[in-house]
Amino acid sequence: MSDSKNNNSPAEEPPRVTLPEAEPRGYFEGESMTRRKVFTAASLALGGVASMAVVLPVVGFAVAPLFERGRERWVAVGRLDDFKPDTYKQVVFTETPGIGEVGKTTAYVRQGSAEFDEDPGEYLAISTRCAHLGCPVRFVQAAKNFICPCHGGVYDFEGKRIGGPPVRPLDRFQTRIRNNHVEVGPRYSVTNQLKAVRARDPGEFTGGIWEYLYPPRPSTYPPPSN
Amino acid sequence: MKLSLPKRKSKQAEPAVADGDAEAAAAEPGPSRSEKRARKIAAGKHHSAEGGKDVAGWVDSRTNSTGIYTALLARHVPKGTNWFYTLGSATMFIFAMQAITGVFLAMYYTPSTTQAYASITHLTNDVFMGEFVRGMHKWGSSLMIILIFLHMGRTFFFGAYKYPRELNWVIGVVLLVLTTVMGLTGYLLPFDQRSLWATVVANNITASGPVVGPYLADFLRAGPEVGATTLSRFYALHMMLIPGLIAALIGAHLFLVVKLGTTAPPWVKATRPKGALGEETVPAGVPSPDDAEVPVGQAAASEPTPEETPVSEPAADPADAGGPDAGNAGEEPADPGAEPADDGEASA
Ligand code: HEM
Ligand code: FES
């Protein structure tokens, strides 16, 4: 401020007060480097502990559903003799409870057939959720194919991809027989060789290296052994 | 310590913006500032409102609000500033509009899978002006996306992302992502067929990213399928977390705009006064004082005044010339990104 306009004459400038130079520079006199360091570290550590005490529970709370598997649900979808080995029957059931109509999903169910070396005593439930982006596929009896209305995905009678953009066969639901009824259970996905794996979202490849690129999620059920 | 004292001096000589600023008179001859202040203290009037007209002064002396006003609205902007420079403020206005209309929509909306749709139809059809307020929010969301992209285009094509404004670009990218997340989370809230399936598809697209995708999708949905918890989760993100982050980042963004100043359009050539040294002698990153900047609403002075041309030895002490912010916060830094003109084209 020595040459500020506010000073009418430079001669009146007050003498500069020189403070003793502290060592190391920038520290108060007599203050030791270690003392300041200790206090800085202690404040940071305490602040860190306090924030973590808040942040960790909150993040865990939000992330928890990743590691939770919903209750296993089994729904009866029809009597045993409702289903034939050479064609599919459409069934609608609730996959996600608690959200009304939109929690329902559609599956195509048939009896196992010797033609596809499945146990004729087993029942097969194929999900209508397209493996491309999840549109509902439709079974066309004349072609014996599943056809997706969205981008032209086509699957054969077993649900294997034979055309269009889908990246893997159609998903399936586990089935079991109770009281002369077919029940469907948790969803699972299959590889191109129809090997059962944990359920994947549409758009994710299965099998081979893809099992590592699209790892199975803890929120899904282990696949049935085959 | 050497400080850029001449600049400080010229800053002090600037007229104060608000009346009631006791320091405004300090530059005039008469009793010195300290004398005036001593008189005020004697009269018990220092830092007190002298009648109604001085309320602004009272607030100012405690908050430096005129300084904030000067920094925000009376700052220097480059020659050639044009309507494209309003796109950022336009985006900010729409964000404010979304925040306000959103608060009022929340007064009627119920974030539950069984009641969400009914509460939205009630709000739209029965509540006075409900359709209008909802419409503002709905159209505003698209408008904000359009404006943020236009603003990003402006800063890109004007080269405004270059040194020293890279950080503002980075903050901008985060704002862009957060704005799209607002769009995603808001779309589910009406919980009609379209919302639900759009969210299902968006989650499937998220899940198709390798390695982290499946887990990220599970996090967003709060489980393997879109369900009731997904709605609550999106509601919390849409209402609280993301808007808070956006508001904070807009603050940081604007702070940097004020601190660094805005860029001149690329077609505005920096003029260089005759006799100034050529660009090659100016150390890189040191702003040149002849940058094409004028105070808002003033024509550029065709001839530089003597005090504006202390460039005779620009390379003498780089610390004196200062970095981009040079320690004189109110002053506009000259723009090192603008193309320096040849000596031949100097001085319009
Ligand atoms: C919520 C969204 C945003 C708001 C409210 C906002 C607001 C603003 C405002 C008011 C300015 C002052 C100058 C002007 O308006 O052109 C500005 C400058 C700037 N913005 Fe943004 N912005 C947003 C998003 C972005 C994005 C997405 C980018 C780029 C990725 C970006 C990059 C920049 C840069 C680089 C500047 C400096 C421009 C210059 O120096 O000339 N901003 N922003
Ligand atoms: S969603 Fe079925 S082909 Fe795209």
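None of these values were measured; they are calculated from a predicted model.

**Q** How would you summarise the overall build of chain B if you had to cite specific residues and measurements?
**A** If you tally the helices and strands in chain B, you get 12 helices and 2 strands. The 348 residues of chain B split such that 34% are buried. The long-range fraction of contacts in chain B, counting pairs at least 24 apart against all pairs at least 6 apart in sequence, stands at 74%. Of the roughly 20,000 Å² that chain B leaves accessible, carbon and sulfur atoms contribute 66%.

**Q** So what about the overall build of chain A? Which residues, and what values?
**A** Within chain A, the secondary structure is distributed over 2 helices and 11 strands. In sequence order, the secondary structure elements of chain A are arranged as α-β-β-β-β-β-β-β-β-β-β-β-α. Within chain A, buried positions represent 38% of all 226 residues. Sequence-distant contacts in chain A: of pairs separated by 6 or more residues, those separated by 24 or more amount to 44%. Per element, the accessible surface of chain A, about 13,200 Å² overall, is 59% carbon and sulfur.

**Q** Could you give me a rundown of the state of the cysteines, with the residues and numbers involved?
**A** By definition, a disulfide links the sulfur atoms of two cysteine residues through a covalent bond. Residues and elements named next belong to chain A. A complete count under the given rule lists 1 disulfide over all chains for this structure. Residue cysteine 135 pairs covalently with cysteine 150 via a disulfide, S to S 1.9 Å. Note on the cysteine 135 and cysteine 150 pair: the S-S dihedral is about -90 degrees, so by sign convention the disulfide is left-handed. You can see cysteine 135 sitting in the loop between strand 4 (123-127) and strand 5 (138-140) and its partner cysteine 150 sitting in the loop between strand 6 (145-147) and strand 7 (154-155), a full 15 residues away along the chain. On the basis of relative accessibility, which here comes to 18%, the residue cysteine 135 falls in the buried class. By relative accessible area, which is 37% here, cysteine 150 ends up partly exposed.

**Q** Before we move on, could you go through the site of ligand 1 and cite the residues and values that matter?
**A** All names here are of chain B. Taken together, 26 residues lie near ligand 1, and Tyr85, His151, Arg154, His253 and Thr263 sit nearest. A distance of 2.7 Å is found between an oxygen atom of ligand 1 and a backbone nitrogen or oxygen belonging to tyrosine 85. Glycine 88 places a polar main-chain atom, nitrogen or oxygen, 3.2 Å from an oxygen atom of ligand 1. Residue assignment for the shell around ligand 1 shows that the elements contributing at least two residues are helix 5 (87-106), helix 7 (130-157), helix 8 (166-188) and helix 11 (228-260). Counted by class, the shell around ligand 1 contains 13 nonpolar, 11 polar and 2 charged residues.

**Q** How would you summarise the pattern of salt bridges if you had to cite specific residues and measurements?
**A** Note that side chains of opposite charge can pair when their charged atoms are close. Scanning all chains against the criterion turns up 14 salt bridges over all chains. Its salt-bridge partner being arginine 129 of chain A, residue aspartate 171 of chain A comes within 3.6 Å of it at the nearest N-O pair. Here aspartate 171 of chain A is found in the loop between strand 8 (161-163) and strand 9 (172-178), whereas its partner arginine 129 of chain A is found in the loop between strand 4 and strand 5, with 42 residues between them in sequence. You'll find aspartate 171 of chain A and arginine 129 of chain A in the same group, each marked buried. Between glutamate 225 of chain B and arginine 187 of chain A there is a salt bridge; the shortest N-O distance is 3.8 Å. In this pair, glutamate 225 of chain B sits in the loop between helix 10 (213-221) and helix 11 while arginine 187 of chain A sits in strand 10 (residues 181-190), so the two residues belong to two different chains. With a relative accessible area of 22%, glutamate 225 of chain B lands in the partly exposed category.

**Q** Describe in detail the packing of aromatic side chains, supporting the description with residues and values.
**A** One pass over the full model with this rule turns up 21 aromatic pairs over all chains. Ring plane angle 65 degrees and centroid distance 5.7 Å describe the contact between tyrosine 161 of chain B and tryptophan 169 of chain B, whose orientation is recorded as edge-to-face. Taking relative accessible area as the criterion, tyrosine 161 of chain B reaches 29% and is therefore assigned partly exposed. The aromatic ring of tyrosine 221 of chain A is capped on one face by arginine 69 of chain A, whose charged end is 4.9 Å from the ring centroid.

**Q** Which residues make up the sheet that holds strand 5 of chain A, and what values go with them?
**A** Residues and elements named next belong to chain A. On the basis of which strands lie adjacent, the open sheet formed by 4 strands has the order 5-6-7-8 and antiparallel pairing. Of all strands in the sheet, those bounded by a partner on one side alone are strand 5 and strand 8. Bridge analysis of strand 5 against strand 6 gives 3 bridges, and the strand direction is antiparallel. The partner of valine 140 across the bridge, within strand 6, is asparagine 145.

**Q** Which residues make up the confidence of the model for chain B, and what are the values?
**A** All names here are of chain B. Here chain B averages 77 in pLDDT, while 64% of its residues score no lower than 70. Confidence drops under a pLDDT of 50 for residues 1-27, and excluding neighbours within four residues, the segment shows 33 contacts in the predicted structure. In this model, residues 294-348 is a region of pLDDT below 50 whose contacts with residues beyond four sequence positions or in other chains number 84 contacts. Quick note on the complex model: pTM equals 0.71, ipTM equals 0.77.

**Q** Lay out the interface of chain A and chain B in plain terms, naming residues and giving numbers.
**A** Listed by partner, the interface residues are 32 residues for chain A and 33 residues for chain B. Inspection of the region where chain A meets chain B yields 4 salt bridges. With a shortest N-O distance of 3.4 Å, glutamate 225 of chain B and arginine 129 of chain A are connected by a salt bridge. Remark: the boundary between chain A and chain B carries 10 residue pairs in polar contact (both at pLDDT 80 or more). Among the secondary structure elements, those contributing two or more residues to the side of chain A that touches chain B are helix 1 (33-63) and helix 2 (210-213) of chain A. Examining the composition of the side of chain A that touches chain B, we find that 3 residues originate from one element, helix 1 of chain A, more than from any other. Here the side of chain A that touches chain B is composed, by residue class, of 16 nonpolar, 8 polar and 8 charged.

Conventions adopted
Residues numbered from 1 in each chain as written. Chains lettered and ligands numbered in written order. Predicted model: local features only at pLDDT ≥ 70, side-chain atom pairs only at ≥ 80, totals over all residues. Heavy atoms only, no water. Helix = DSSP H or I, 4+ residues; strand = E, 2+ residues; numbered from the N terminus. Buried < 20%, exposed > 50% of the residue type's maximum accessible area, 1.4 Å probe, protein only. Contact = heavy atoms within 4.5 Å. Areas by Shrake-Rupley, 256 points an atom, 1.4 Å probe, with all protein chains shown as cover. Disulfide = S-S within 2.5 Å. Near = heavy atom within 4 Å. Polar contact = N/O pair within 3.5 Å; in protein donor to acceptor, adjacent residues only side chain to side chain. Nonpolar A, V, L, I, M, F, W, Y, C, P; charged D, E, K, R; others polar. Salt bridge = Lys/Arg side-chain N within 4 Å of Asp/Glu carboxyl O. Phe/Tyr/Trp six-rings, centres within 6.5 Å; stacked < 30°, edge-to-face > 60°. Lys NZ or Arg CZ within 6 Å of the ring centre and 35° of its normal. Pairing = 2+ DSSP bridges. pLDDT = per-residue confidence, 0-100.

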